[in-house]
Each structure stands twice: as C-alpha cells, then as structure tokens.
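Each chain, letter by letter, is given below.
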Amino acid sequence: MNLEAITDNLPLYLSGAWTTFELLIISLGLGLAFAIPLAVLRTLPQAWISRPIWVYTYVFRGTPMLVQLFLIYYGLAQFEWMQNSALWPYFSSAWFCACLTFALNTCAYTVEIIAGSIRALPAGEIEAAKALGMSRWVMLRRIVLPSALRRALPAYSNEAIFMLHGTALASIVTIMDLTGAARQVNSTYYIPFEAFITAAVFYLLLTLALVGLFHLAERRWLRPLMAR
C-alpha cells in the first residue's frame, strides 16, 4: 500500500470531492425545481399535456446517463448550427454539459416519483379540501404538493444517492471530480487500488452524509404520517 502517494494527493481528492458535491447540488436543485411542476402536469388527464412529459421521462430513464452525456457534450458539437449559435459557449463547456445532463436525468426520475406520490394521495384529503371550499390552486399548494413531497422523501433519497454515484461520469469529459482525481493519481503513480479505494472512501462518506440528512428530514416531515 503506497499510502504516502495518497497523503500527498489528499488536497487533490478534497478538491475533487468539492467538485462532486457542487455537481450533485446543482443537478438535484435544478432537477427538483423542474420536476415539481412537470409532475403536476404528468398527473393531468389531458393526454396532450401528460404524454410529452411521459415521453421525456421514458427516454431519459430508458437510456444510460453516459450515452446522454456523450450526446450532449460530444454529439451536439458536430453540428455547425450549434457551433455558430449563441449557445455554443455553454455547450462547449464540460461543466455546463455535465450539469445539464445530470439535471435532465434526475429530473426525469423525480417527475415519476412525485407523480406517483400525487396519485397515491388518500382520497379523503382531497375530499376534505374540496369540502372546505378550496380552489384547485390553493388545494394544490396547501394540500396536494406538501403531502406528496413528504411521501416521496424515501424514494427521492435513493435517487439522490444514485445521482451522487452518477456524477462519477463527469471525469470522462475532463472534469476533475473525485473519480477524476483517482484517475490522475493512478496515471501518475500507477497504483490503481490505492487511488480508487481512496475515492470509494470519499464517496462512502458523502453517501453516509446524504443518508443522515434524509433520515433527519423523514423524522421531521413524515412524523405526522406515521402510525401512532
């Protein structure tokens, strides 16, 4: 075990861990922000509204995230109209393409998670809101979404952990995240076991932190739904 090489490169691993954390927070934040309204539209009975959203979630959940990243970062770059457009400074950036890919991917999963929670709401809650004379918007804002988001917490925590592990793909497009730091240490010292086991330890610590935060959130917001 070449521990000296690992200790010498701890700043590189810490920098990569921070990059991984930034990718995760940006992706989950953007994904959740867009997933909530899309999930509401996904549950509407009008097919012309819900069907396009279903196609989007089906495509992004049915294809590997690595393929999606390659299509967005490498695929769009081959078209001249993209290279000549105002969007090219963004799509030529590996950081932007990685965040966009991760956000679109996690948004697709989150849409189905929240939509499933909305469909699973007890009918009594909706009937009680209607009996109080709430409008559709007020009922959605004060009854449906708070209850659905609470029920979606356990499933969403798994999605957040999967997204954390999925950020490892960012190293393929030259972003120096945790996996990228491990690859650089390995290419410098030729110690694949030490290099990648160190990255695995960092990923495990981040995962444990995420699990702890979601457990605290579940204890706070799921307590009213627990059996007494």
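Going by the structure above, here's the rest.
Sequence order as written defines the numbering, with residues in each chain counted from 1. Local features in this predicted model are restricted to residues whose pLDDT is 70 or higher, and side-chain atom pairs enter the listing and the counts only when it is 80 or higher, whereas totals over whole chains, interfaces and linings include all residues. Neither water nor hydrogens contribute to the side-chain values; these are computed over all heavy atoms in the structure.

J.: Pulling in residues and values, what's your account of the overall build of the chain?
T.: Working definition: helices are DSSP H or I runs of at least four residues, strands are E runs of at least two. Numbering for both runs from the N terminus. Regarding its fold elements, the chain presents 11 helices and zero strands. Along the chain, helices and strands appear, N-terminal first, in the series α-α-α-α-α-α-α-α-α-α-α. Three labels apply to residues, based on accessible area from a 1.4 Å probe with only protein chains included: buried if under 20% of the type maximum, exposed if over 50%, partly exposed otherwise in between. Taking all 228 residues of the chain together, 41% fall into the buried category. Counted over contacts in the chain with a minimum sequence separation of 6, partners at least 24 positions apart contribute 77%. Only the protein chains shown count as cover for residues, with accessible areas throughout obtained via the Shrake-Rupley method and a probe of 1.4 Å. Surface accessibility of the chain: about 13,000 Å² in total, with carbon and sulfur atoms responsible for 68%. All tallies of charge rest on Lys and Arg as positive and Asp and Glu as negative; His and the ends of each chain are not included. Where a charge lies is defined by one atom per residue type: Lys uses NZ, Arg uses CZ, Asp uses CG and Glu uses CD. Of the charged side chains in the chain, 15 are positive and 11 negative, and the gap between their average positions amounts to 21 Å. We call two residues in contact when some of their heavy atoms are within 4.5 Å.

J.: Let's hear about the environment of Gly-166: which residues, and what values?
T.: The topology assignment puts Gly-166 in helix α9 (residues 136-166). Distance in space between the C-alpha atoms of Gly-166 and Ile-53 is 23 Å, their sequence separation being 113 residues. When near neighbours in sequence (up to four residues on either side) are disregarded, Gly-166 contacts Met-65 and Phe-102.

J.: Give me the lowdown on a nonpolar patch on the surface, citing residues and values where you can.
T.: Residues Met-1, Leu-3, Phe-193, Ile-197, Val-201, Leu-204, Leu-205 and Leu-208 make up a contiguous nonpolar surface patch of about 840 Å² in total accessible area. By residue number, the principal contributor to the nonpolar patch is helix α11 (residues 192-221), which donates six residues. Counting through the fold element by element, Ile-197 comes out in helix α11. In this scheme, patches are assembled from residues that exceed 30% relative accessible area and form no salt bridge. Like charges are connected within 9 Å, while nonpolar side chains (Val, Leu, Ile, Met, Phe, Trp, Tyr) are connected within 5 Å. Each salt bridge in this description consists of a side-chain nitrogen of Lys or Arg and a carboxyl oxygen of Asp or Glu lying within 4 Å of one another.

J.: Explain unusual backbone geometry to me, using residue names and the numbers behind them.
T.: Notably, Thr-174 is not glycine yet its phi reads approximately 75 degrees, a positive angle. Inspection of the secondary structure assignment puts Thr-174 in the loop between α9 and α10 (178-189). For Thr-174, a relative accessible area of 63% translates into the label exposed. With a phi angle near 55 degrees, Tyr-190 is a residue other than glycine that sits in the positive phi range. The topology assignment puts Tyr-190 in the loop between α10 and α11.

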